[in-house]
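Structural features, examined
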Amino acid sequence: MDSRDSLRHQGMRKRLVEGIRIKGVRDQRVLDAIAKVPRHLFMDSSFIQFAYKDQAFPIGSGQTISQPFTVAFQTQLLDIQPNDKVLEVGTGSGYQAAVLLEMGATVFTIERQRELFLKVQQLLPELGYHPKFFYGDGYKGLPTYGPFDKIIITAGAPALPEDLLQQLRVGGVLVAPIGPSEKQIMCKVTRKAEDEFAKEKHGTFMFVPMLKGTVN
Ligand code: SAH
């Protein structure tokens, strides 16, 4: 356990997890992962009192650490199995990546803002989390590292990115909020065959937008 993670923090996380369970996330493996990841260490220390409220929070560079319920909900839809090879678009604070790693996934994560990328690349290993970090445009995915068992987009995309669908293995699942900037529909896409994709809708959410290109 990290020395900056106290029994008090663990108690607050337990209550957070209970709140997420009541809101409808019942997958115990997801709840266990949320209970383990010290969310307060992913935020600036002056905002520590907000770390275990179920809300999104600014992390600098105009970006946010997603609401814990949203992280849990997307993770549940992904149905993570140990050793799943997962691509995450939008590293941000690194919190979602940490949750996936706690569940035994191998995580490849892309961030388009260099400042955030550099910050998280330092922070996560300090906390014992080791995804593979990439600075780049998530719309392109990581063609040389695919195919992936699971793909998660943590920014609102106007439409399903075709390059990412093509990097999903047959049987794999992509979860992404799709729609205009005001609100998106959470979509779960399963690749049934080389050219067959099954799509489900899972409610309305609000994410920061998925943008093209990179920011230096
Ligand atoms: N998963 C993050 C959520 C961060 S918010 C967390 O757990 O904290 C969404 C992130 O997606 C932002 O950091 C934003 O810079 C990034 N992003 C937006 N468009 C992107 C793109 N095309 N490629 C990679 N990252 C992108």
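The structure this text deals with has already been given above.
Since this is a predicted model, take the numbers as computed values, not measurements. The residue count restarts for each chain, going from 1 along the sequence in the order it is written. Residues qualify for local features only when their pLDDT is at least 70, as the model is predicted, and side-chain atom pairs are given and counted only at 80 or more; totals for whole chains, interfaces and linings, by contrast, use all residues. Excluding hydrogens and water, the side-chain figures rest on all heavy atoms present in the structure.

**Focus: the side chain of Asp54**
Elements are defined by DSSP. Helices are runs of H or I of four residues or more, strands are runs of E of two residues or more, and each kind is numbered from the N terminus. Relative to the helices and strands, Asp54 is located in the loop between α2 (28-36) and β1 (57-60). What qualifies as a polar contact is a pair of N or O atoms within 3.5 Å, subject to a donor-acceptor requirement within protein and to the restriction that residues adjacent in sequence count only when both atoms come from side chains. Reaching out from Asp54, the side chain makes a polar contact with the side chain of Lys23 at a distance of 2.5 Å. There is a polar contact of 2.9 Å between the side chain of Asp54 and the backbone nitrogen of Phe69. By definition in these notes, contact holds between two residues if any of their heavy atoms fall within 4.5 Å. The contact partners of Asp54, leaving out residues within four places of it in the chain, are Leu16, Ile20, Lys23, Gln67, Pro68 and Phe69.

**Observations concerning α2**
Taken residue by residue, α2 has Val30, Leu31, Ala33 and Ile34 as its buried positions. Along the long axis of α2, the arc covered by the buried residues comes to 160°, so they all point the same way. Check the buried side of α2 and you find it contacts α1 (7-22), α3 (68-78) and α4 (95-102). Between a side-chain oxygen at the N-terminus of α2 and the backbone nitrogen of Arg29 the separation is 3.0 Å; the capping residue is Asp27. Note on exposure labels: buried denotes an accessible area under 20% of the residue type's maximum, exposed denotes more than 50%, and partly exposed covers the range between, all computed with a 1.4 Å probe on protein chains only. Here the arc refers to the directions that run from the helix axis out to each C-beta atom.

**A closer look at the pairing of β1**
Note on pairing: two strands pair once DSSP finds at least 2 bridges between them. In terms of strand pairing, β1 meets strand β2 (residues 63-65) through three bridges, oriented antiparallel. Bridged to Phe57 within β2 is Ile65. The antiparallel hairpin formed by β1 and β2 contains two residues in its connecting segment, where Ser61 sits at a positive phi of about 55°.

**Points about the packing of α3 against α4**
In the contact formed by α3 and α4, the axes pass within 11 Å of each other and the chain directions differ by 40°. Comparing the axis directions of α3 and α4 gives the class oblique. Considering only the axes of α3 and α4, their crossing is right-handed. The segment α3 lies against α4, with Val71, Gln74, Thr75 and Leu78 engaging Tyr95, Gln96, Val99 and Leu100. Classification used: nonpolar for Ala, Val, Leu, Ile, Met, Phe, Trp, Tyr, Cys and Pro, charged for Asp, Glu, Lys and Arg, polar for all others including Gly. Tallied by class, residues from the contact of α3 with α4 come to five nonpolar, three polar and no charged. Here, axes are lines fitted to C-alpha atoms. For helices the fit covers the stretch in contact, and angles between N-to-C directions go from 0 to 180 degrees. Should an angle fall under 35 degrees it is called roughly parallel, over 145 degrees roughly antiparallel, and 65 to 115 degrees roughly perpendicular, with every other angle called oblique. What makes a crossing left-handed is the near helix being turned counterclockwise from the far one by less than a right angle; a clockwise turn instead makes it right-handed.

**Looking at the site of the ligand**
Summary of the distance rule: residues count as near a molecule or strand when at least one heavy atom falls within 4 Å of that molecule or strand. Lining the immediate environment of the ligand, one finds 27 residues, of which Gly90, Ser93, Glu111, Gly138 and Leu211 sit closest. Taking Glu111, its side chain carries an N or O atom lying 2.5 Å from an oxygen atom of the ligand. Within the complex, the protein chains bury 99% of what would otherwise be the 580 Å² of accessible surface of the ligand. Mapped by element, the contributors of at least two residues to the shell around the ligand are β2, β3 (85-89), α4 and β4 (106-111). Ranked by the residues each element gives to the shell around the ligand, the list is headed by β2, at three residues. Looking at the shell around the ligand residue by residue, the class counts come to eleven nonpolar, twelve polar and four charged. Accessible surface is estimated by sampling points in the Shrake-Rupley manner with a 1.4 Å probe; for residues, cover comes only from the protein chains shown.

**Side note on the nonpolar core**
Ile34 and Phe42 are the most contacted members of the largest nonpolar core, which totals 48 residues. Broken down by secondary-structure element, the contributors of at least two residues to this core are α1, α2, β1, α3, α4, α5 (114-126) and β7 (168-178). Residues contacting Phe42, with those up to four places away along its chain left out, are Val37, Ile59, Ile65, Ser93, Gly94, Tyr95, Ala98, Leu123, Leu124, Leu127 and Tyr129. For the purposes of this section, nonpolar cores are sets of buried Ala, Val, Leu, Ile, Met, Phe, Trp, Tyr and Cys residues that join through side-chain atoms within 4.5 Å. If you look at the next biggest cluster of nonpolar residues, it comprises 21 residues, including Leu87, Val89, Phe148 and Leu164.

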